[in-house]
Amino acid sequence: MSVFYESSIGKIRALDDVSLTVTPGEFIAVVGESGCGKSTLALAILRLLPPTSEIKGHIRFGDIDLASATIRELAALRGTKIGMIFQEPLDSLNPIEKIGTQMAEAIQIKWREKNWVEKKWIEKKPSREDRLRNEIVESLRDVRIADPEKTVDRFPFQLSGGMAQRVMIAMALSQKPSILIADEPTSALDVTTQAQIIQLMKEVAQATDTAIILITHDLGVAAQVADRVVVMYAGEIIEEGTTKQVFQNPLHPYTKALLRCYPNTVKSAGHLETIDDRFLTCEPRSKDANSLVDART
Amino acid sequence: MSNALSTRKQILIVNNLAQNVTVEIGGAIGGKKTITPVRDVSFSVYEGETLGIVGESGSGKTTLLRAVALITKPTTGSILLEDQKVFDGKRIIGKMTGKVQMVFQDPSTSLNPTMKVRTIVADPLRLLHLSKQEINERITTSLRSVGLEKEFLDKYPSQLSGGQKQRVSIARAIAPRPKLLLLDEPTSALDAAVQAQVLNILMTLQKEFNLTYVFVTHNIAIAKYVADRIAVFYDGRIRELGPSETVFSRPLHPYTSSLIEAFPLPDPDQKNLLSVHITGEPPSLFEPITGCSFHPRCQYAESRCKNEIPLLRAVNDHMVSCHFAESIAEKTNHQNK
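It should be emphasised that the depicted structure is a prediction, and the values quoted were computed from it without experimental measurement.

Student: Could you clarify how one ought to interpret the overall build of chain B in this entry?
Tutor: Summing up its helical and strand segments, chain B has twelve helices and twelve strands in all. A globule of 337 residues ought to have a C-alpha radius of gyration of about 20 Å, and chain B, at 21 Å, matches this closely. Each principal axis of the C-alpha distribution contributes one length, and for chain B these read about 65 × 55 × 50 Å. Here the analysis covers contacts within chain B between residues at least 6 apart in sequence; of these, 64% occur between residues at least 24 apart.

Student: It is not clear to me how the overall build of chain A should be interpreted in this structure. Could you clarify?
Tutor: Each helix and strand counted, chain A has twelve helices and eight strands in total. Residues classed as buried in chain A amount to 41% of the 297 residues present. The contacts of chain A with a sequence gap of at least 6 include a subset with a gap of at least 24, amounting to 67%.

Student: What's the story with the sheet that holds strand β8 (residues 236–242) of chain A in this structure? I'm lost.
Tutor: Working definition: the strands of a sheet are paired by backbone hydrogen bonds and lie parallel or antiparallel to each other. All names here are of chain A. Spatially, β4-β5-β6-β1-β7-β8 is the arrangement adopted by the six strands of the open sheet, whose pairing is mixed. The outermost strands of the open sheet, each flanked by one partner alone, are β4 (82–85) and β8. Here the average twist between neighbouring strands, direction ignored, is 15 degrees. With respect to the sheet, helix α1 (residues 38–46) is in contact with β1 (27–31), β4, β5 (179–183), β6 (211–216) and β7 (228–233), its orientation differing from that of β5 by roughly 145 degrees.

Student: I would appreciate a short explanation of the interface of chain A and chain B in the present structure.
Tutor: Note: interface size is frequently given as the accessible area lost on complex formation between the parts. Contact with chain A, which involves 40 residues of that partner, is made by 32 residues of chain B. At the level of elements, α8 (191–208), α9 (219–225), α10 (243–248) and α11 (253–260) of chain A are the ones that each hand at least two residues to the side of chain A that touches chain B. Taken together, the residues that form the side of chain A that touches chain B break down as 16 nonpolar, 18 polar and six charged.

Student: Looking at this model, I keep getting lost on the sheet that holds strand β1 (residues 10–24) of chain B. Mind explaining?
Tutor: Residues and elements named next belong to chain B. With antiparallel pairing, four strands are arranged side by side in an open sheet as β2-β1-β4-β5. At either margin of the open sheet sits one strand with a lone partner, and together these are β2 (32–46) and β5 (84–87). The average angle at which neighbouring strand axes cross in this sheet is 30 degrees, direction not considered. Pairing geometry for β1 and strand β4 (residues 76–81), over five bridges, is antiparallel.

Student: What's the story with the confidence of the model for chain B in this structure? I'm lost.
Tutor: Low-pLDDT portions of the prediction should not be read for the details of their coordinates. When pLDDT is averaged along chain B, the result is 88; 96% of the residues meet or exceed 70. Scoring of the predicted complex yields 0.82 for pTM and 0.78 for ipTM.

Student: What exactly am I supposed to notice about the pairing of β5(B) here?
Tutor: One face of the sheet, then the other: side chains in a regular strand alternate in exactly this way. Residue and element names in this part refer to chain B. Where β4 and β5 come together, three bridges link them in antiparallel fashion. Opposite L80, over in β5, you have K85 as the bridge partner. Hairpin connection between β4 and β5: a loop of two residues separates the two successive antiparallel strands, and E82 in this loop has a positive phi of roughly 50 degrees.

Student: Teacher, can you tell me more about the environment of D190(A) here?
Tutor: With respect to the element layout, D190(A) can be found in the loop between β5 and α8. On the neighbour-count criterion, D190(A) (22 C-beta atoms within 10 Å) is buried. For D190(A), the contacting residues outside a window of four places in its chain are E56(B), S57(B), H218(B) and P282(B).

Student: Can you walk me through the packing of helix α6 (residues 162–174) of chain B against helix α7 (residues 192–209) of chain B in this structure?
Tutor: Residue and element names in this part refer to chain B. Put simply, α6 and α7 touch, their axes get as near as 10 Å, and they point 15 degrees apart. Relative to α7, the element α6 is oriented roughly parallel. Here α6 and α7 pass one another in a crossing that is right-handed. Residues G162, G163, Q166, R167, I170 and I174 of α6 form the contact with α7, whose participating residues are V194, Q197, V198, I201, L205 and F209. Grouping the constituent residues of the contact of α6 with α7 by class yields seven nonpolar, four polar and one charged.

Student: Would you mind going over helix α7 (residues 161–173) of chain A with me for this structure?
Tutor: Each turn of an α-helix holds 3.6 residues, which means side chains three or four residues apart point in the same direction. Residue and element names in this part refer to chain A. Taking 1.5 Å per residue as the helical rise, α7 with its 13 residues ought to reach 18 Å, and the 18 Å between its terminal C-alpha atoms agrees with that figure. Of all 13 residues in α7, twelve are buried, a share of seventy percent or more. Within α7, the full set of buried residues consists of G162, M163, A164, Q165, R166, V167, M168, I169, A170, M171, A172 and L173.

Criteria and thresholds
Residues numbered from 1 in each chain as written. Chains lettered and ligands numbered in written order. Predicted model: local features only at pLDDT ≥ 70, side-chain atom pairs only at ≥ 80, totals over all residues. Helix = DSSP H or I, 4+ residues; strand = E, 2+ residues; numbered from the N terminus. Rg over C-alpha atoms; globule rule 2.2 N^0.38 Å. Contact = placed C-beta atoms within 7 Å. Buried ≥ 20, exposed ≤ 12 C-beta atoms within 10 Å, placed from the backbone. Pairing = 2+ DSSP bridges. Axes fitted to C-alpha atoms, helices over the stretch in contact; angles between N-to-C directions. Nonpolar A, V, L, I, M, F, W, Y, C, P; charged D, E, K, R; others polar. pLDDT = per-residue confidence, 0-100. Parallel < 35°, antiparallel > 145°, perpendicular 65-115°, else oblique. Left-handed = near helix turned anticlockwise from the far one by under 90°. Expected span 1.5 Å × (residues − 1).

Here you go:
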C-alpha cells in the first residue's frame, strides 16, 4: 500500500507538496511543532478536512485514490480499513451513550461485512445480544481494561482519560484496519498512562499487522516506538528516515535545532538551544523560509 | 541535605499543610462533597534555590501552590515566609504583597484580554504605593529583562504569540521585585523551542534578581534541568524529596522509579517506554485509598502498605515515604558498588 500525497489547501498552503509512503505493519511517527501541518496531514488522509479546503494530488490506498474518492467509497473505508484515534478520547466518544452501545456499533459493521449469519447456528444459538456483549467484553479485555463486564455499562464520563483512550483503541482496532492514524493519542494523558497506551498500541498493531501513523509533538515518544520518523515544518516534510538516522544523525538544521531544545539532552546548567522566533510561526510563508532555516545555524 | 544548603536561609517554611476543597456534584441528587487534594505536606525552600515539584495531573501540585500563595485558605498547617507567620492554621495573618508572585500555566487565560501589556505588568504594582515615574520604570525594566522591547507596551494579549504572552506574565510577576516566584507549569502549553526560550529567561532572571523558585511541572526532564531539589508528589503527598541529581539517578520511592521509567527519552538506543512495569492509573480523590495510596500500583506492595501510611523520613540524603525505602536504598547502594 502506498500513500502519495500532494496538496495545497484553500488559499493558505497548509501542506506543501508532501509525499509519504506507508508499508503494511510499519510504525511511522510524524513529528513537528504546533501549526506545522501534522494534523492536517492526518485529516487529509481521512478526507475529514472542512469543506472550505481543497486537496490537490493523490492519496493512494490500495487501488483507491482517497483524494478523489466519492463519499460512499470513503464511508466504506473510514473506520473499517482506516482506523483513527484522536487526542481527546472523551470528546471522541458520544457522552450520552453507554460504552457497550458505542462499541456494538463498531462490531456490528464488521458482522454485516463478514456475513456472520452462518455462525448464528453454531452450538446453542446464543442470542445476538449475548454474542455481541461477549465480543465487546473480549475486545475490552484485549486492551487491558481492568473490569470489562462493568465498563460495558458505563458512560464515557465515568471513565478516566486512559480508560477512554483504551476504549477508542479497542473500537478502532476491532475492525482490523490495515492502517491506524493516531493524532496525538497520548498528549492529554499522564506519563505513566501514556507509557501503557503506547505499549498497547504497539502490541495490538503488531499482532494484527496494522500500520500506524502516529502524529505527535513529543520527540521522545517518536524515538521510543517508531520505525520511521517524518519531521514536518511549515507544511513540508523536511526530513524523513529511520528513527536511528533521524535522532542520531539528523541532517536538516531544523531537526538538529529541535533535538537540541530538549532539556534532557543537555546537562544541567548552561543555556538551552532555542530557535529564533521567526522560525516558530508556521504561517504561510514565502519560499525563502528554507534559506532562513539555513541562516540560523 | 548538603551542609551548604542547610546553612542557607529558609525563605519559605510549610508545615503539615492540608487543603480541603468542596465540590458540587451534579445530577438529580446532587449535593456537596469535600475532598482533600493536599494532605499533610511539609517542606521548606532555601533562598536562591529552585524547588521542583513533580507529579501527574490530579496529584494536587497546583492546589498546593495555590494554598501556599494563599489564593485559597489552607485547611490546616502553617506557612512561614521569611520567618514571619503568614498562616497559623486558622487565619491568614501576614501579608505577602509583592514578596510572592505566581506564573500560571496557560498564558492565554491568565492575561486579561482587554488590557494592554503596559497595564497588565503595572497591575501588581498598584498596591506598592509607587510614584508614576517609578511604575513606568519598573514596567520597562521588567519587560526588557524578559526580552520584550518598548514596542510591546501598547499591544493586547491577542496580538502576541504564546511564548510572548508567557514572557509578559513573567514580566508581570517580577515587576514588584518579589523574593519568591511560584511557577505552575509555566512551559507546558508551549512548543519545545519556545519552551527552551522561556526556561532560559527564567534561569537568567533567577541569577539577576536572586529569585527563589518553586517550579511545578509534570515533565521530569524539565524538573531535572531547572531544579536544585525535587519533591515528587503523588495523590496529595510528598513521596520523595532530595537533590535533583540523586532523586533521578538513585530514586528511593517506587513511584519515582516508575515516573523515570515512563518518561520517553528522545533516544532510540535507550528504549524504556515499551518495558514499563507500572499498571493502573492515579487514584480518584473521591475514592480514598487506605494506607499508602500508591500500593495498588506498586510492585513492592505488601499487606502493611494497605493499612499503614508511611511516614516521610530521611533515608540516605533523601526524604522518602515508603515502608521499604531502607531496603530499596540498600539494594541500589549494593548495585552501585
